[in-house]
There are 2 protein chains.
Amino acid sequence: MPLINGVASGALDLRDRGLAYGDGVFRTLRLHDGQALLWDRHYRKLAHDCAVLKLSCPDPALLARELTQASAGEPAGVGKITITRGPGARGYALPLRPQPTRIVSVSPAPMRPAEWVTDGVRVRLCATRATFQPALAGIKHLNRLDSVLARAEWDDAEIAEGLLLDHRGDLVGGTMSNLFLAERGALVTPDLAGGGIAGVQRERLLEHAVSHGVATRVEPVSVARLAAADEVFLVNSVIDLWPVRAIDGVGIWAPGPLTTAAARWLRDGD
Amino acid sequence: MPLINGVASGALDLRDRGLAYGDGVFRTLRLHDGQALLWDRHYRKLAHDCAVLKLSCPDPALLARELTQASAGEPAGVGKITITRGPGARGYALPLRPQPTRIVSVSPAPMRPAEWVTDGVRVRLCATRATFQPALAGIKHLNRLDSVLARAEWDDAEIAEGLLLDHRGDLVGGTMSNLFLAERGALVTPDLAGGGIAGVQRERLLEHAVSHGVATRVEPVSVARLAAADEVFLVNSVIDLWPVRAIDGVGIWAPGPLTTAAARWLRDGD
């Protein structure tokens with residue numbers, strides 16, 4: 001059962017600004033035995049994203065306890081934490097004394113073909129462009145219509161993910177994942193100065209690459225640059241890492257050495 | 001009491017995609033004797049916005065009845081209709097058979113100083129830039145963090161509204177209103193190809209101007225152009241029209257003939 005402000009409930013106050021304006025942030029993470037994996041990193045990111053919206057972030061021990069509580073019956077599921085501005089009167093002005101809403105829930109881990117991890121996934125380029133909003137770029141806020149529209153572009157179950165370009169035509173990432181390229185031994189990921197979500201796995205990978213002596217570049221990535229990459233893969237906290245074996249109309253790849261190393265760093269590293 | 005899918009309730013299914021992703025649209029309108037003013041126009045706009053998100057829009061007679069029902073005790077209040085994609089599992093993919101949620105509620109009409117209508121309002125330029133997303137521009141969807149951040153920039157009750165620029169530096173409009181300029185006898189309003197909400201009063205005004213022989217221009221409007229305008233005013237469905245008497249750091253104005261005419265068209269026209 002989900003918890004709303006610590007109380008088991010499946011019903012939200014209709015006046016919540018999370019609904020009215022998407023005024024809040026969220027996190028999605030994997031559980032093991034009811035414990036959040038990489039909790040320190042997820043909490044740090046949650047606290048950061050709350051700070052950008054000037055939301056007060058709940059105590060980490062409280063959230064960890066509530067994840068465990070909500071995971072009863074689903075101890076290896078996917079945890080989700082949502083923090084909203086809480087209830088408010090009609091209108092954009094912040095409530096005088098905001099009472100943030102915290103929502104903790106756990107879903108079953110999604111079932112995906114095992115080959116997606118070993119052989120890689122097929123991916124498409126979406127026509128929907130990523131929303132451009134530098135003040136919120138990288139933040140996992142509740143204004144996600146660009147990902148919704150992009151994900152609605154296909155229903156072919158063979159296609160694992162769609163990539164979004166920004167309004168200039170540079171890549172931002174997947175609808176639910178961060179994109180990496182291997183380029184002559186270096187790891188490249190799109191700069192997220194204008195949009196997209198800077199996920200925890202992306203952050204980990206950039207750190208681990210450096211500590212393994214692999215150069216990293218966070219830069220604009222055009223479709224031509226993507227097409228010329230030596231390897232391509234996607235990461236997020238639920239899938240870990242999917243090699244990309246094909247991007248429709250762009251190219252095909254086989255999982256290469258940097259992809260293998262990255263998957264190992266994510267599996268074994270902190 | 002608000003109505004959720006026709007049932008009096010103040011609690012929303014936590015799995016609603018309106019909360020998770022802002023996957024929905026809304027309308028705000030004035031009531032008189034429990035009847036929505038300008039209902040045909042509001043419904044047309046709601047149906048249009050639903051169509052952009054590929055949401056099925058409820059029947060107009062049903063919504064009108066529910067507005068009346070929800071307005072008991074507040075027959076001259078502000079009605080709000082929200083249509084979301086409805087409940088869904090975790091993840092951006094649309095539910096196989098979406099069951100949209102319709103929410104109808106009524107709030108008291110806001111109290112504002114009477115001089116705001118007669119003498120005009122003081123306005124500021126916000127530092128927050130409007131979100132750029134051409135696929136959703138003009139639509140009153142639930143991804144409204146740009147307006148939330150902009151409105152949070154001030155708490156001086158003397159300031160009635162804040163204006164947002166787009167990422168190029170052109171004006172989009174107010175956090176909750178559409179902006180008009182009078183320029184040598186013509187009516188000018190920012191082009192909303194990249195962001196903002198194209199409100200019903202904006203649409204009415206553009207139509208009435210034409211039928212009164214007043215030229216209209218829907219174009220990019222720079223701050224310099226705004227500063228040089230002969231008259232400036234704001235419109236929306238709750239306030240109708242506020243002349244702008246001052247924009248901090250930009251200029252001061254007195255209500256002029258086009259402002260007066262526009263207020264009359266909105267008051268008397270269809």
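Some details on the pattern of salt bridges
Next up, step 1: Enumeration according to the criterion identifies 30 salt bridges over all chains in this entry.
Next up, step 2: A salt bridge links Glu153(A) to Arg124(A); its shortest N-O distance comes to 3.0 Å. You can see Glu153(A) sitting in the loop between helix H5 (145-151) and strand E9 (159-165) and its partner Arg124(A) sitting in strand E8 (residues 121-129), a full 29 residues away along the chain.
Next up, step 3: For Glu153(A), a relative accessible area of 27% puts it in the partly exposed group.
Next up, step 4: Residue Arg124(A) is classed as buried on the basis of its relative accessible area of 18%.
Next up, step 5: Between Arg85(B) and Asp23(B) there is a salt bridge, and its shortest N-O distance comes to 2.9 Å. You can see Arg85(B) sitting in the loop between strand E6 (78-84) and strand E7 (101-107) and its partner Asp23(B) sitting in the loop between helix H1 (17-21) and strand E4 (24-32), a full 62 residues away along the chain. Per residue, the accessibility class of Arg85(B) equals that of Asp23(B), and both read buried.

Notes on the pairing of strand E14 (residues 231-236) of chain B
All names here are of chain B.
Next up, step 1: Of all six residues making up E14, six are buried, and the element is well covered by its neighbours.
Next up, step 2: Burial along E14 is two-sided: the residues Glu231, Phe233 and Val235 and Val232, Leu234 and Asn236 are all buried.
Next up, step 3: Bridge analysis of strand E11 (residues 178-183) against E14 gives five bridges, and the strand direction is antiparallel. Its bridge partner lying in E14, Leu179 is registered against Leu234.
Next up, step 4: Pairing analysis gives four bridges linking E14 to strand E15 (residues 240-247), with the strands arranged antiparallel. In the sheet register, Leu234 faces E15, and the bridge partner there is Trp242.

Brief notes about the sheet that holds strand E2 (residues 7-8) of chain B
All names here are of chain B.
Next up, step 1: The strand order E2-E1-E7-E6-E4-E5 describes an open sheet built from six strands, whose pairing is antiparallel. The open sheet has two free edges, formed respectively by E2 and strand E5 (35-36), since each of these has just one partner strand.
Next up, step 2: Note: E4 against E5, two bridges, orientation antiparallel. Bridge pairing in E5 links Leu31 to Ala36.

Considering the side chain of Arg124(A)
Next up, step 1: Within the structure, Arg124(A) has its side chain in polar contact with the side chain of Glu153(A) (distance 3.0 Å).
Next up, step 2: Once you skip the residues sitting within four places of it in the chain, Arg124(A) turns out to touch Glu153(A), Trp154(A), Ile159(A), Glu161(A), Gly162(A), Leu163(A), Ile247(A) and Asp248(A).

A word on unusual backbone geometry
Next up, step 1: The backbone phi angle of Arg184(A) is positive, close to 45°, even though this residue is not glycine.
Next up, step 2: Considering the arrangement of structural elements, one finds Arg184(A) in the loop between strand E11 (178-183) and strand E12 (186-190).
Next up, step 3: Look at Asp33(B): it is not a glycine, yet its phi comes out positive at around 50°.
Next up, step 4: Tracing the backbone shows Asp33(B) in the loop between E4 and E5.

What to know about the packing of aromatic side chains
Next up, step 1: Taken as a whole and assessed by the stated rule, the structure comprises 10 aromatic pairs over all chains.
Next up, step 2: Judged by centre distance (5.8 Å) and plane angle (50°), the rings of Trp39(A) and Tyr43(A) are tilted. Linking Trp39(A) with Tyr43(A), this pair stays in helix H2 (residues 39-52), spanning four residues, or about one helical turn.
Next up, step 3: The interplanar angle of 85° and the centroid separation of 5.2 Å between the aromatic rings of Trp116(A) and Trp242(A) together place this pair among those described as edge-to-face. Here Trp116(A) is found in helix H4 (residues 115-118), whereas its partner Trp242(A) is found in strand E15 (residues 240-247), with 126 residues between them in sequence.
Next up, step 4: Three or more aromatic residues joined by ring pairs form one cluster here, namely Tyr21(A), Tyr92(A) and Phe26(B).

Cut-offs used in this document
- Residues numbered from 1 in each chain as written.
- Chains lettered and ligands numbered in written order.
- Predicted model: local features only at pLDDT ≥ 70, side-chain atom pairs only at ≥ 80, totals over all residues.
- Heavy atoms only, no water.
- Salt bridge = Lys/Arg side-chain N within 4 Å of Asp/Glu carboxyl O.
- Helix = DSSP H or I, 4+ residues; strand = E, 2+ residues; numbered from the N terminus.
- Buried < 20%, exposed > 50% of the residue type's maximum accessible area, 1.4 Å probe, protein only.
- Pairing = 2+ DSSP bridges.
- Polar contact = N/O pair within 3.5 Å; in protein donor to acceptor, adjacent residues only side chain to side chain.
- Contact = heavy atoms within 4.5 Å.
- Phe/Tyr/Trp six-rings, centres within 6.5 Å; stacked < 30°, edge-to-face > 60°.

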